[in-house]
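So you can see what is in the structure, the chains are spelled out below.
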Amino acid sequence: MQFDDRWLAWTARVPYGETLVGLLALVVLALLASWLTHRVLLRVVRRLVRASPMSWDDALMARGVLTRLAHVVPALVLSAGIGLVPDLPPMVVAVVRNVANAYMVLTVALSLGNLFNAIGDLYAHDVARAQARPIKGYLQVAKLLVFLLAGVLVVATLIDRSPLILLSGLGAMTAVLLLVFKDTILSLVASVQLSGNDMLRVGDWIEMPSLGADGDVIDIALNTVKVQNWDKTITTIPTYRLISESFKNWRGMSEAGGRRIKRALLIDQASVRFLEKDERDALRRVALIDDYLDTKRAELEAWNARLEEAGKDPVNARRVTNLGTFRAYALAYLHAHEGIRDDMTLLVRQLDPGPTGLPLEIYCFTATTAWAEYEGIQSDIFDHLLAILPQFGLKIFQSRSDAPLDVRLHRADADPSDVTAG
């Protein structure tokens, strides 16, 4: 009792003694609450999380949701206890309480932001679902809304006014807000359309020449889509541009399991001719066109026999051409090739002849979509066709000059009569 009396007498003699003691006690209590929360409670929670077989609590702890939320405790102590400090001016009480409340609002908003990040991490564990239906853009919209609401609440708390007053005032600023957040609103609409229509996934190969993008999609966010080009550079595309402009998505090719070959051999038209009988017999050693030659022989013999019976000129008789025979061989070769899909479109066709020769186009699909394997199969096919082309008496068109080379060497000090033509 004597100690209590001396303590009360000392605080009565010192100006604002009770107030200072009350503030000191409040600060100590807030620090003690913070220490107990971080050093004791969070440690227990971490041990429980490590022992738990579930993954969602690991994501919450990794993103610091609970750590950020623990900062609310000392602010709550200050907000609740500041009014108990004796002889403290009402203005100081209001300012401290408002600042503490604003800090709690901001802390809760940051915790919610970390919670959305944790949800994104958990969703990304299912790789197939995350690539097919990315939610990163939606999470960013949710965080944006949370922070906007938190900003309104923080300002309203600091000025000690109702948030409804600020929200009603924001109605007059709608035009300004729409202008400021124009790209964000457009990107939000674009994200919904891209995801709802399954137009884009992480891992898709897309081409957008207008923005220099040609590669794999590595990230889909609210405002941007990142594309890693084949030269390993990164192109960042505004999300709304993917809706307002066209782009090519190669996912259909990957899902189909076949990649198209569409390339032409330019045949020298001067080398196209009819095959003689001995040439047709010589080509019978090529196993792939035995059936073609037999079928053509029977067809042409029947046709020519009818012409002969009708007394027509022999010039009207039909004969086998080396180009037609080669076309039949190329088609049979593609059907027999293990790297070519026989169940997809497979053509060997002539295109319009031009000054660079007669294009004989190979149109087919490989049995793989891997780039390196596709290029290897395509190269092997054209290597073979180019090498066997002379067996059919055909030539590849190649621009060259057949004019004789006339070189004259001149020296400044030489007599013109000594100049010789090479």
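From a predicted model like this one, the values you see are computed outputs, not experimental measurements.

**Quick look at helix α11 (residues 182-196)**
Here comes step 1: For α11, which comprises 15 residues, the first-to-last C-alpha distance of 21 Å matches the rise-based estimate of 21 Å (1.5 Å per residue) to within 8%.
Here comes step 2: Buried residues belonging to α11 abut α8 (136-158) and α12 (241-244).
Here comes step 3: Count one or two residues on from α11 and you reach D198, which has phi positive near 55°.

**A short note on a nonpolar patch on the surface**
Here comes step 1: On the surface, a cluster of nonpolar side chains totalling about 650 Å² of accessible area is made up of L29, L32, W35, L36, V40, V44 and L48.
Here comes step 2: Relative to the assigned elements, L36 resides in helix α2 (residues 17-51).

**Regarding the confidence of the model for the protein**
Here comes step 1: Of the residues in the protein, 80% reach a pLDDT of 70 or more, and the chain-wide mean stands at 80.
Here comes step 2: When pLDDT is averaged over each element of the protein, strand β8 (residues 358-366) comes out on top at 95 and helix α1 (residues 2-13) at the bottom at 51.
Here comes step 3: A low-confidence stretch, residues 416-422 stays under pLDDT 50, and its non-local contacts, those more than four residues away or across chains, total nine contacts.

**Observations concerning the nonpolar core**
Inside soluble globular proteins, nonpolar side chains tend to come together where they are buried.
Here comes step 1: Within the largest apolar cluster, 30 residues are counted, with the highest numbers of intra-cluster contacts made by F326, L334, I381 and L385.
Here comes step 2: Secondary-structure elements contributing two or more residues to this core are β6 (259-267), α16 (322-336), β8 and α17 (371-388).
Here comes step 3: Excluding anything up to four places from it in sequence, I381 contacts I261, Y333, L334, H337 and I340.
Here comes step 4: Formed by twelve residues, the second largest nonpolar core is a distinct cluster that contains A213, V227, I237 and L242.

**Observations regarding the packing of helix α6 (residues 90-124) against α8**
Here comes step 1: At their nearest, the axes of α6 and α8 sit 9 Å apart, and the two run at 175° to each other. Of the possible angle classes, the one that applies to α6 and α8 is roughly antiparallel.
Here comes step 2: Of the residues belonging to the contact of α6 with α8, the class tally is 17 nonpolar, six polar and one charged.

**Thoughts on the packing of α8 against α11**
Here comes step 1: Direction vectors running N to C along α8 and α11 enclose 145°, while the axes themselves pass 10 Å from each other. Crossing angle aside, the handedness with which α8 passes α11 is left-handed. Mapping the contact onto sequence places Y138, V141 and L144 in α8 and T184, L188, S191, V192 and S195 in α11.
Here comes step 2: Across the contact of α8 with α11, the residue classes break down as five nonpolar, three polar and no charged.

**Description of the packing of aromatic side chains**
Remark: the centre distance and the inter-plane angle together describe each pair of aromatic rings, the angle taken between the planes.
Here comes step 1: Throughout the structure, instances matching the rule amount to seven aromatic pairs.
Here comes step 2: Measuring from centroid to centroid gives 6.2 Å for Y329 and Y333, while their planes differ by 20°, and the two rings are stacked. Highlighted residues: Y329 and Y333, both in helix α16, separated by four residues, approximately one helical turn. No difference in accessibility class separates Y329 from Y333, as the two residues are buried.

**Thoughts on the pattern of salt bridges**
Here comes step 1: Following the criterion strictly, the structure yields eight salt bridges and no others.
Here comes step 2: Put simply, R251 and D204 hold a salt bridge, and the shortest N to O gap is 2.9 Å. Of the two residues, R251 sits in helix α13 (residues 251-256) while D204 sits in the loop between α11 and β1 (205-208), which places them 47 residues apart along the sequence.
Here comes step 3: Assessed through its relative accessible area of 13%, R251 is described here as buried.
Here comes step 4: For D204, a relative accessible area of 6% translates into the label buried.
Here comes step 5: Connected through shared salt-bridge partners, K262, R349 and E361 make up one network.

**As for the sheet that holds β8**
Here comes step 1: Pairing within the open sheet is antiparallel, and its three strands lie in the order β6-β8-β7. Two strands bound the open sheet, and with one partner strand each, they are β6 and β7 (347-350). Neighbour-to-neighbour, the strand axes of this sheet turn through a mean angle of 20°, independent of strand direction.
Here comes step 2: Sheet analysis places β6 next to β8, joined by nine bridges and oriented antiparallel.

**A word on a positive patch on the surface**
Here comes step 1: Taken together, the side chains of R39, R43, R47 and R50 make up a positively charged region of the molecular surface.
Here comes step 2: Its place among the elements puts R47 in helix α2.

**A look at the UniProt feature "transmembrane region" (unreviewed entry) in the protein**
Here comes step 1: Within this structure's numbering, the places UniProt gives as "transmembrane region" (unreviewed entry) are residues 20-45, 65-85, 100-120, 141-159 and 165-181.
Here comes step 2: Helix makes up 71% of residues 65-85 and strand makes up 0%, while its end C-alpha atoms are separated by 32 Å.
Here comes step 3: Between the C-alpha atoms that bound residues 100-120 there is a distance of 30 Å. The span itself is 100% helix and 0% strand.

**Considerations on α8**
Here comes step 1: Compared with an ideal rise of 1.5 Å per residue, which puts 23 residues at 33 Å, α8 spans 32 Å between its outermost C-alpha atoms and is within 8% of the ideal.
Here comes step 2: Once α8 finishes, D160 follows within two positions and takes phi at roughly 55°, a positive value.

**Side note on the pairing of strand β2 (residues 213-220)**
Here comes step 1: Examined bridge by bridge, β1 and β2 share four bridges and lie antiparallel to one another. Looking at the pairing, W205 lines up with D216 of β2.
Here comes step 2: Linking β1 to β2, which pair antiparallel, is a turn of four residues; within it G212 sits at a positive phi near 70°.
Here comes step 3: Across five bridges, the pairing between β2 and strand β3 (residues 224-229) is antiparallel.

Quick notes on the rules
- Residues numbered from 1 in each chain as written.
- Predicted model: local features only at pLDDT ≥ 70, side-chain atom pairs only at ≥ 80, totals over all residues.
- Heavy atoms only, no water.
- Helix = DSSP H or I, 4+ residues; strand = E, 2+ residues; numbered from the N terminus.
- Expected span 1.5 Å × (residues − 1).
- Contact = heavy atoms within 4.5 Å.
- Patch = residues over 30% accessible without salt bridge, like charges linked within 9 Å, V, L, I, M, F, W, Y side chains within 5 Å.
- Areas by Shrake-Rupley, 256 points an atom, 1.4 Å probe, with all protein chains shown as cover.
- Salt bridge = Lys/Arg side-chain N within 4 Å of Asp/Glu carboxyl O.
- pLDDT = per-residue confidence, 0-100.
- Core = buried A, V, L, I, M, F, W, Y, C linked by side-chain atoms within 4.5 Å.
- Buried < 20%, exposed > 50% of the residue type's maximum accessible area, 1.4 Å probe, protein only.
- Axes fitted to C-alpha atoms, helices over the stretch in contact; angles between N-to-C directions.
- Parallel < 35°, antiparallel > 145°, perpendicular 65-115°, else oblique.
- Nonpolar A, V, L, I, M, F, W, Y, C, P; charged D, E, K, R; others polar.
- Left-handed = near helix turned anticlockwise from the far one by under 90°.
- Phe/Tyr/Trp six-rings, centres within 6.5 Å; stacked < 30°, edge-to-face > 60°.
- Pairing = 2+ DSSP bridges.
- Lys, Arg positive; Asp, Glu negative; His and termini not counted.
- Charge placed at Lys NZ, Arg CZ, Asp CG, Glu CD.
- UniProt positions renumbered as here; feature names shortened; annotations may be inferred.

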